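Read off the chains here:
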Amino acid sequence: MARRDAPRHWGKSTVETACPLDCPDSCSLSVEVEEGRIVSIDASPRNPTTGAFICAKVRGFADRVYGTERLQYPIARKGPKGRGAFERVSWDEAIEQIAGRIEATRAKWGGEAILPLSYGGSNGFVSQDTADAELFGGLGASRMARTVCAAATGAAYEGLYGRMPGVAYADYVHAKLIVIWGANPMASGSHLVPFVKEAQRRGATLVVLDPRRTGLARTADLHLPLRPGSDVAVALSLIRFLFDTARADTAFLAEHATGVERLRDRARPWTFERAAEVSGLPPSALAQFADLYASASPALIRCGWGLERNRNGGSAVMAVLALPAVAGKFGVRGGGFTMSNSAAWGITKRWLQTPEPATRVINMNRVGRALTELTDPPIDVLFVYNHNPLVTLPDQNRVLRGLAREDLFTVVFDQVMTDTARFADLVLPSTTFLETYDIARGYGAYSLQLVKPVIEAVGESRPNVEVFAALGARLGIEAAAAYECEAEALLRVASALPPDAGAALLADAVPVPPSGPAPVQFVDVFPLTPDHRIHLWPEGLVSEPGAEPYGWQPDPATDQHPLCLISPASEKTVNSTLGELRVQPASLYMHRDDAAARGIEDGDTVRVFNALGEVHCLVTLGEAIAPGTVSLPKGLWTRSTGNERVTTALVPDTLTDFGAGACFNDARVEVRRIVTADLEQQRVSVWVN
Ligand SMILES: Nc1nc2c(c(=O)[nH]1)N[C@H]1C(S)=C(S)[C@@H](COP(=O)(O)OP(=O)(O)OC[C@H]3O[C@@H](n4cnc5c(=O)[nH]c(N)nc54)[C@H](O)[C@@H]3O)O[C@H]1N2
Ligand SMILES: Nc1nc2c(c(=O)[nH]1)N[C@H]1C(S)=C(S)[C@@H](COP(=O)(O)OP(=O)(O)OC[C@H]3O[C@@H](n4cnc5c(=O)[nH]c(N)nc54)[C@H](O)[C@@H]3O)O[C@H]1N2
Ligand SMILES: [Mo]
């Protein structure tokens, strides 16, 4: 196998690269290297949107690169599954073992008994969907529906607008009203924040819809702490108001939209009073919001992902994205909306040679079921990469039962010894983005950038393409074997990008998307639907049985489990990436009144539970959350709690109304104080045996 040309930096040098981690911003980075080691990582002024600062996570990323948990060489399981005992093997032995098992599995069950399990949110275009896709496609493996995130938002956005590009961060300064709806940019995409603050300095009004009083909510003119899952009701009550008070832009709708009457019908029952009942907000606050939105121009909505992660997620996003159309907010700089800008580059994976096989598709939100229930054929080989399913997928206990199967052959390919890796038969060490080439694309900020190796690969870690190419060579899958090294993979991908973008990237410049750096919606960009109109009643979406656009399904709370548990992004990790560096034990955030009703005090150890599982953790009390809602971060590692379970142990594997997405925020729980305090004493080994 060809090894990549690692750069050698003698003495001190600064390397310009970019961050591919799963975040809307995708920062440019300047990395200082001395004697081949990373000395510092900071913002690079190359990219004006992210040039002033970067997050603490990436500034400290060298702690992962050189950390004690970093995987240095391949290891093979010794002893029972999940026990965590491994012994070192060579790369050749590891490749041989995997290939041998894949051949045996295919002979016995056929290719569908192999399941590649990846998500790749923190991967660019080189380290995901290149040699890996060719390999698993060529093997006729089961396919993965990558629905853990942005499935409902994606369905709604695609359905209404064909993913028309959104308002650029820099244009937020022109808005007179900014609505931050189900997003927490201070944690999850911080380069939007300075533009929002500048708009506020220039007199803009800020409205935040979030069950938590987030950093931006604290500075907002109006904070609406709605009940999670009630956004569709709130947005439809505004739409009803706009039509009923003749403030809907009927001329714009007639020219640019279809399905107007059907939307109006769905909005009709949603008076402010009814939306108030469902959302827990006062009707007067809804009326105030509606009036602010109808009156202001330019008015801008930043739609996030918090509102999608429940049974009504698709309809909620449809209703929120319909608002600027109904209210006639497009056509001015600083007006309209931003959702995900990932489609703005028009990139399709043209570099792939193997057509996707027509094999069965497994929804990743139900991997626990796939591993424990499928028989025709069962999953016999599981190949996990670019993903940490044991902590990030719904219904952790079911995923755990699947991973604990002694007969399942599991490969985990990662940078560090994750919770998932503990259940592997073989663990393979991968490079980080500071050791490889990749192409990073922002999905908030408009950026597409080259990621470059800054240091040599640590230990025996290898980039994804090399490993999948080696397996391809061994298994006779030519299209995978053709990726000789990652530099070659980079050229292959870059030459299949839209020509301007590919050329700019290879010249190490920062390309501009086809729609320009700051498009005005309905001036520079129009819906990418076939007829270039807004489909307010989107047809043909993947929907759960019985789901209709702008539908509302009641809250799943019960008397036994009345509290709504949400699990937003935290400043400490990117999903579970960097969770190994978390030092504080996890803490549930709870409203003081909910705690008082249960005799819980600040700093207590609590049991958060429902029918699916339980989590033991600390509790922090305050008033920065709607009563009835509690919050525990996503992306925790099992060591951060007292019983080796994380938030996902409480999350049902039900699906969103549209897009078959995850319902992380449909977890309903009860919370009780654990009397014998002390997290450490609670730490019992509950994995297996
Ligand atoms: N630091 C950091 N940054 C990240 C990530 C990370 O893990 N850490 N993750 C990245 C990824 S993968 C993604 S998808 C994005 C997500 O970025 P965001 O869209 O910001 O997503 P969340 O943090 O899930 O939720 C945002 C807010 O929605 C609120 N919320 C929860 N339920 C509801 C609801 O039903 N309605 C409304 N209106 N609000 C609700 C939460 O309280 C939270 O403050 O962030 C990315 N950026
Ligand atoms: N409770 C709860 N859980 C959630 C959510 C929630 O709202 N609530 N939201 C979810 C969301 S928004 C998302 S996007 C998912 C994401 O969930 P995951 O896809 O599991 O993302 P990460 O936890 O970051 O895990 C990615 C793993 O890939 C590894 N990796 C990174 N680069 C490479 C590489 O080049 N090669 C290899 N081989 N490995 C690499 C990293 O080290 C890391 O362990 O989590 C979801 N989980
Ligand atoms: Mo995500």
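Worth saying up front: this structure is predicted, and the values here are computed from it rather than measured. Residue positions are given per chain, counting from 1 as you read along its sequence in written order. Chains and ligands are labelled by the order in which they are written, letters from A for the one and numbers from 1 for the other. Local features in a predicted model are, by the rule used here, given only for residues with pLDDT of at least 70; side-chain atom pairs are given and counted only at 80 or more, and totals for whole chains, interfaces and linings are based on all residues. Computation of side-chain values: all heavy atoms of the structure, hydrogens and water removed.

Hey, could you run me through the overall build of the protein in this one?
The way it works is that DSSP assigns letters per residue, a run of H or I at least four long becomes a helix, a run of E at least two long becomes a strand, and they are numbered from the N terminus. Per the secondary structure count, the protein includes 23 helices and 26 strands. A radius of gyration in this sense is built from C-alpha atoms; the matching globule rule multiplies 2.2 Å by the number of residues raised to 0.38. Relative to the compact-globule value of 26 Å for 689 residues, the protein shows a C-alpha radius of gyration of 25 Å, a close match. What makes two residues a contact is simply this: any of their non-hydrogen atoms within 4.5 Å. When contacts within the protein are restricted to residue pairs at least 6 apart in sequence, long-range pairs at least 24 apart make up 77% of them. Counted charges follow a simple rule, with Lys and Arg positive, Asp and Glu negative, and His plus the chain ends left uncounted. Where a charge lies is defined by one atom per residue type: Lys uses NZ, Arg uses CZ, Asp uses CG and Glu uses CD. Within the protein, one finds 68 positive and 78 negative side-chain charges whose respective centroids are separated by 2 Å.

How should I be thinking about the packing of helix α9 (residues 231–244) against helix α13 (residues 283–295) in this particular structure?
Between two packed helices, both the angle of their axes relative to each other and the distance between the axes serve to describe the pair. Look at α9 against α13: their axes get within 10 Å of each other, and the N-to-C directions meet at 60°. Between α9 and α13, the angle falls in the class oblique. Every pair of crossing elements has a handedness; the one defined by α9 and α13 is right-handed. Note on element contacts: α13 touches α9 through Leu-286, Phe-289, Ala-290, Asp-291, Tyr-293 and Ala-294, opposite Val-234, Ser-237, Leu-238, Phe-241 and Leu-242. Throughout this entry, Asp, Glu, Lys and Arg are counted as charged residues, while Ala, Val, Leu, Ile, Met, Phe, Trp, Tyr, Cys and Pro are counted as nonpolar. The remaining residues, Gly among them, count as polar. Residue composition of the contact of α9 with α13, grouped by class: 9 nonpolar, 1 polar and 1 charged. To define axes, lines are fitted to C-alpha atoms, for helices over the stretch in contact only, and angles between the resulting N-to-C directions are given on a 0 to 180 degree scale. Our angle categories are set so that under 35 degrees counts as roughly parallel, over 145 as roughly antiparallel, 65 to 115 as roughly perpendicular, and the remainder as oblique. Working rule for handedness: look at the near helix, and if it is turned counterclockwise from the far one by less than a right angle, call the crossing left-handed; if clockwise, right-handed.

What's the story with the domain arrangement of the protein in this structure? I'm lost.
Interfaces are frequently sized by the accessible area removed from exposure as the parts join. Each domain's extent was defined by an automatic or database domain assignment. One can read the domain layout of the protein as domain 1 (75–142 + 359–429 + 460–500), domain 2 (152–342 + 520–535) and domain 3 (563–688). Domain 1 and domain 2 are separated by 39 Å when their C-alpha centres are compared.

Which parts of the structure should I look at to understand the nonpolar core?
One recurring pattern in soluble globular proteins is that nonpolar side chains are buried together. Each nonpolar core is a collection of buried residues, namely Ala, Val, Leu, Ile, Met, Phe, Trp, Tyr and Cys, held together in the definition by side-chain atoms within 4.5 Å. Only protein chains enter the accessibility calculation, which uses a 1.4 Å probe; a residue is then buried when its area is under 20% of its type maximum, exposed when over 50%, and partly exposed in between. By size, the foremost hydrophobic cluster in this structure holds 72 residues, and its most contacted members are Tyr-161, Trp-181, Phe-289, Tyr-293, Ile-534, Leu-536 and Tyr-550. When residues in this core are grouped by element, the largest group, 11 residues, is from helix α14 (residues 313–327).

Where do I start with the site of ligand 1 in this structure?
Near ligand 1 lie 36 residues; those nearest to it are Ser-188, Asp-210, Asp-231, Thr-573 and Asn-575. Between ligand 1 and Gly-182, the relevant distance is 3.5 Å, taken from an oxygen atom to a main-chain nitrogen or oxygen of the residue. We call two N or O atoms a polar contact when they sit within 3.5 Å, provided that within protein one can donate a hydrogen and the other can accept it, with sequence-adjacent residues counted only if both atoms are side-chain atoms. With respect to ligand 1, the side chain of Ser-188 contributes an N or O atom lying 2.6 Å from an oxygen atom. Only the protein chains shown count as covering a residue, and every accessible area follows the Shrake-Rupley method with a 1.4 Å probe. Within the complex, 98% of the 910 Å² of free accessible area of ligand 1 lies under protein. The residue makeup of the shell around ligand 1, split by class, is 17 nonpolar, 12 polar and 7 charged. When residues of the shell around ligand 1 are assigned to domains, at least three map to each of domain 2 (152–342 + 520–535) and domain 3 (563–688). Whether a residue is near a molecule or strand is decided by its heavy atoms; if any one of them lies within 4 Å of it, the residue is near.

When you look at the pattern of salt bridges in this model, what are you seeing that I'm missing?
Two side chains of opposite charge can pair, provided their charged atoms sit close to one another. One side-chain nitrogen of Lys or Arg within 4 Å of one carboxyl oxygen of Asp or Glu is enough to make a salt bridge. Scanning the entire structure with this criterion turns up 41 salt bridges. Across the pair Arg-143 and Glu-356 runs a salt bridge, and its minimum N-O distance is 3.6 Å. Separated by 213 residues along the polypeptide, Arg-143 in strand β7 (residues 143–145) and Glu-356 in the loop between β13 (336–338) and β14 (361–363) bring together distant segments of the chain. Two residues, Asp-666 and Arg-311, come together in a salt bridge whose shortest N-O distance is 2.7 Å. Of the two residues, Asp-666 sits in the loop between β25 (629–631) and β26 (667–673) while Arg-311 sits in the loop between β12 (299–303) and α14, which places them 355 residues apart along the sequence. In this structure, Asp-666 and Arg-311 share a single accessibility class: buried. Taken together, the salt bridges that share partners define one network made up of Arg-227, Arg-311, Asp-555, Asp-666 and Arg-668.

Would you take a moment to explain the state of the cysteines for this structure?
What makes a disulfide is a covalent bond joining the sulfur atoms belonging to two cysteines. The disulfide criterion is simple: two cysteine sulfur atoms within 2.5 Å. Within the structure shown, the criterion is met by 0 disulfides. For Cys-23, which is in no disulfide, the shortest distance to another cysteine sulfur is to Cys-27 and amounts to 6.2 Å. By relative accessible area, which is 9% here, Cys-27 ends up buried.

What am I meant to see in the sheet that holds strand β15 (residues 381–385) here?
Neighbouring strands of a sheet are bound in pairs by backbone hydrogen bonds; such pairs are parallel or else antiparallel. Paired strands are those between which DSSP finds at least two bridges. Here we have 6 strands laid out as an open sheet, ordered β5-β4-β17-β16-β15-β6, and mixed in their pairing. At either end of the open sheet lies a strand with only one pairing partner, and these are β5 (86–88) and β6 (114–117). Looking at each pair of strands side by side, their axes are set apart by 20° on average, direction ignored. Pairing of strand β4 (residues 75–77) with β5 involves 3 bridges; the strand directions are antiparallel. When the bridges of β5 are listed, Ile-75 appears paired with Arg-88. Across the face of the sheet, helix α3 (residues 91–109) comes into contact with β4, β6, β15, β16 (409–414) and β17 (426–429) while running at roughly 130° to β17.

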